[in-house]
Amino acid sequence: MAAAAVVHAEGVVKRFGPTLALDGVRLTVRPGESHALVGRNGAGKSTLVGVLTGLHRPDAGTVHFDGAPAPAFGDTAAWRSKVACVYQKSMVVPELTVAENLFLNRFQEGERFIHWAKLRARARALLAEYGVDVDPGARAKDLAVEQRQFVEIAKALSFGARLIILDEPTAQLDARGIQRLFDKLRDLQSQGVAFLFISHHLQEVYELCTAVTVLRDARHVLTAPVQGLAKADLVAAMTGEETSVVPDWEPAPRRVREAEPLLRAEGLALEGAYEPLDFAVRPGEVVGLAGAAASGNTALGETLVGMRAPTAGAVRVRGREVRPGSVPDALEAGIGYIPEDRHRQGLVAERSVAENATLTVTDQLGRWGTVLPSRTREFAASMIRSLDIRTRGPDQPVSGLSGGNQQKVVVARALARRPHALVAIRPTAGVDVKSKEALLAVVRRVADEGRAAVIVSDELDDLRVCDRLLVLFHGRLVAEYDTGWTDRELVAAMEGVAEGTVGGERA
Ligand SMILES: Nc1ncnc2c1ncn2[C@@H]1O[C@H](COP(=O)(O)OP(=O)(O)OP(=O)(O)O)[C@@H](O)[C@H]1O
């Protein structure tokens, strides 16, 4: 049957120094199939994608596309005609138009000058062929995330690829964007395009995929049709344990509402992002700032930590005003920050897990200590245990960690200074189901120890640990909930269609 497969990999082994990242892995994806690839952080998913796209040369094993051996290592043009991966990080050039991005490095033979009108017409035809409704003259940076993904997919298909790998494609999409993406994928699937879909969101696997392959500790453990596979069995295959995944949060006991707030926003506003609002987070509380992609909740979180300067109002920590737009001052005042984008704001790749875990922004600007104090290593070791960071040890450079494990180092770093108020922006993005539980438990513990925490997210699992939720839509506070909300009403509020809750006591 292997000959019928769009891709068939067998016995794939890949080592990175002492780390065995893939240990005899196999994978078969058939035409028109939507095949999920799942596993815990560090299981080997990205490494397998690297092998399937010609980025990593396997140490052993074979890869076939449509029954023929994979192109020679390094022959990028040949790989491009077989397979493409749409990464979370955009591969399009933001300043260029859609048409330019589509034809980048691909001008036709004999063409000495670029004929812009022709280029746009060709782009329009190409997009129409795959049913992608995007203006070829638009700048890539002005596209919605899913439109940018469509452009990348159309480009891959135009090179002849019939296998598209999607690496956590929904990470930056709101509910509607996800639906538009899934509709497009189903549409292309019916035309015979196959997808390999990597996601930590198992409900998406159930919604979109027909088959699933599970990797665990570098090995293949299961390939099965999605239909009829119980979620508990899927999770058991991923973790190797029979445990329930769903974090079972006790509704938090009533917090001492009279206590002086640790963190306060007073008339805080950022023009173009969110309108003036007031709120306070008291010791022992986790407050959720819920909202979809353009709701303003991320901008609000970034203002709290000094990444953005507000256009009005103030942020106070234990009564002291934080200098607007100053990250060092926010840190100094006792704010801990878990950023959304760990690559840009998070880590120093070549430094060790221990150094990164104890590094602060001010340290980054200053000079490095030459000796790693034993307390640093101890702290790192305890974080490695409690956050279940998969690493060879505190001294391993973070560049050698999988994406999800890097995110956990970012969390460790935010906790290192024992902040009075922890602000976490989408803290569980890219983190596997089991680690998610551990990570949210850590945030919960911060509050339970008498400190304050804020979670900025649109993920229901993240928001479930909160004692109180403020929901933003188009920059305005539209709803407020104590515990006891239902998924449905919260999703409705985040989509701006809440009934009866609009305004609340604060509007
Ligand atoms: N460039 C590298 N150098 C050293 N080790 C690496 C490198 N890339 C990956 N690894 C190691 O290989 C293993 C598999 O990592 P991989 O990134 O494939 O995991 P993953 O399943 O994609 O995880 P995640 O869900 O966190 O993205 C991990 O132990 C990781 O630390």
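Scoring rules and cut-offs
- Residues numbered from 1 in each chain as written.
- Predicted model: local features only at pLDDT ≥ 70, side-chain atom pairs only at ≥ 80, totals over all residues.
- Near = placed C-beta within 6 Å.
- Helix = DSSP H or I, 4+ residues; strand = E, 2+ residues; numbered from the N terminus.
- Nonpolar A, V, L, I, M, F, W, Y, C, P; charged D, E, K, R; others polar.
- Domains from an automatic or database assignment.
- Pairing = 2+ DSSP bridges.
- Contact = placed C-beta atoms within 7 Å.
- Axes fitted to C-alpha atoms, helices over the stretch in contact; angles between N-to-C directions.
- Buried ≥ 20, exposed ≤ 12 C-beta atoms within 10 Å, placed from the backbone.
- Core = buried A, V, L, I, M, F, W, Y, C linked by C-beta atoms within 7 Å.
- Expected span 1.5 Å × (residues − 1).
- Parallel < 35°, antiparallel > 145°, perpendicular 65-115°, else oblique.
- Left-handed = near helix turned anticlockwise from the far one by under 90°.

Lining the immediate surroundings of the ligand are 19 residues, of which Phe16, Asn41, Ser46, Ser402 and Gly404 lie closest. When contributions to the shell around the ligand are tallied by element, the ones reaching two or more residues are strand E2 (19-29), helix H1 (45-52) and helix H15 (403-416). Residues that form the shell around the ligand fall into these classes: four nonpolar, 12 polar and three charged. Domain assignment of the residues forming the shell around the ligand places at least three in each of domain 1 (2-239) and domain 2 (263-506).

Sheet architecture is open: four strands sit in the order E12-E11-E14-E15, paired in antiparallel fashion. Edge positions in the sheet fall to strand E12 (274-281) and strand E15 (320-321), since each of these pairs with one other strand and no more. In the sheet, strand E14 (residues 312-317) pairs with E15 via two bridges, with the strands oriented antiparallel. Bridge pairing in E15 places Arg316 opposite Glu321. Where helix H9 (residues 297-304) meets the sheet, its contacts fall on strand E11 (263-270), E12 and E14, and the angle it forms with E11 comes to roughly 125°.

Within the chain, Arg426 stands out as a residue other than glycine whose phi angle is a positive 40°. With respect to the secondary-structure elements, Arg426 resides in the loop between strand E17 (421-425) and helix H16 (433-448). Owing to 23 C-beta atoms within 10 Å, Arg426 belongs among the buried residues under this scheme. For His474, which is not glycine, the phi torsion reads 45° and is therefore positive. Along the chain, His474 turns up in the loop between strand E19 (468-473) and strand E20 (476-482). On the basis of neighbour count, His474 is assigned to the partly exposed category, with 13 C-beta atoms found within 10 Å.

Time to look at the domain arrangement of the protein chain. For the protein chain, the assigned domains are domain 1 (2-239) and domain 2 (263-506). Its C-alpha centre places domain 1 at a distance of 30 Å from the equivalent point of domain 2. With 16 residues of domain 1 at the interface, the matching set in domain 2 holds 19 residues. Partitioned by chemical class, the residues of the side of domain 1 that touches domain 2 number six nonpolar, seven polar and three charged.

Ile335, Ala421, Ala424, Val443, Ala453, Val454 and Val471 are the most contacted members of the largest nonpolar core, which totals 79 residues. Residue contacts for Ala424: discarding those within four places in its chain leaves Ile338, Val443, Ala453, Val454, Ile455 and Val456. Judged by nonpolar contacts, the second largest core, of 68 residues, contains Leu48, Leu52, Val63 and Val151.

Here we come to helix H5 (residues 145-158). Helix length check: H5, at 14 residues, gives a terminal C-alpha distance of 20 Å against a target of 20 Å (1.5 Å per residue), a fit within 8%. Of all 14 residues in H5, 11 are buried, a share of seventy percent or more. Within H5, burial applies to Glu146, Gln147, Arg148, Gln149, Phe150, Val151, Glu152, Ile153, Ala154, Lys155 and Ala156. Summarising the contacts, the buried residues of H5 are in contact with strand E6 (83-86), helix H3 (98-103), helix H4 (116-129), strand E7 (163-167) and helix H6 (175-190). Positive backbone phi, approximately 105°, marks Gly160, located one or two places after H5.

Taken together, the five bridges between E11 and E14 define a ladder with antiparallel strand orientation. Counted as the bridge partner of Glu266 is Ala314 from E14. Count of turn residues in the E14/E15 antiparallel hairpin: two residues, of which Arg318 carries a positive phi of about 50°.

Let us now look at the packing of H5 against H6. Between H5 and H6, the shortest axis-to-axis distance is 9 Å and the interhelical angle comes to 20°. As judged from the angle between their axes, H5 and H6 are roughly parallel. H6 is crossed by H5, and the crossing has right-handed handedness. Contacts from Val145, Glu146, Gln149 and Phe150 in H5 reach Gly177, Arg180, Leu181 and Lys184 in H6. A per-class count over the contact of H5 with H6 returns three nonpolar, two polar and three charged.

Another aspect to go through is the sheet that holds E20. The strand order E16-E17-E18-E13-E19-E20 describes an open sheet built from six strands, whose pairing is mixed. Sheet topology places strand E16 (335-338) and E20 at the edges, where each strand pairs with a single neighbour. Between one strand and the next, the sheet's axes are offset by a mean angle of 15°, whatever the strand orientation. Here H9 sits on the sheet and contacts strand E13 (286-290), E16, E17, strand E18 (452-457) and E19; the angle it forms with E18, its principal contact strand, is near 145°. Here H16 sits on the sheet in contact with E13, E17 and E18, set at roughly 145° to E18.

When two helices pack together, their arrangement is given by the angle between their axes and by how far apart the axes lie. Across the interface, H15 lies against H16 with an axial gap of 11 Å and an inter-helix angle of 10°. What the angle tells us is that H15 and H16 run roughly parallel. For the pair formed by H15 and H16, the contact residues are Gly404, Lys408, Val411 and Leu415 on the first element and Ser435, Leu439 and Val442 on the second. When the residues that make up the contact of H15 with H16 are grouped by side-chain class, the tally is four nonpolar, two polar and one charged.

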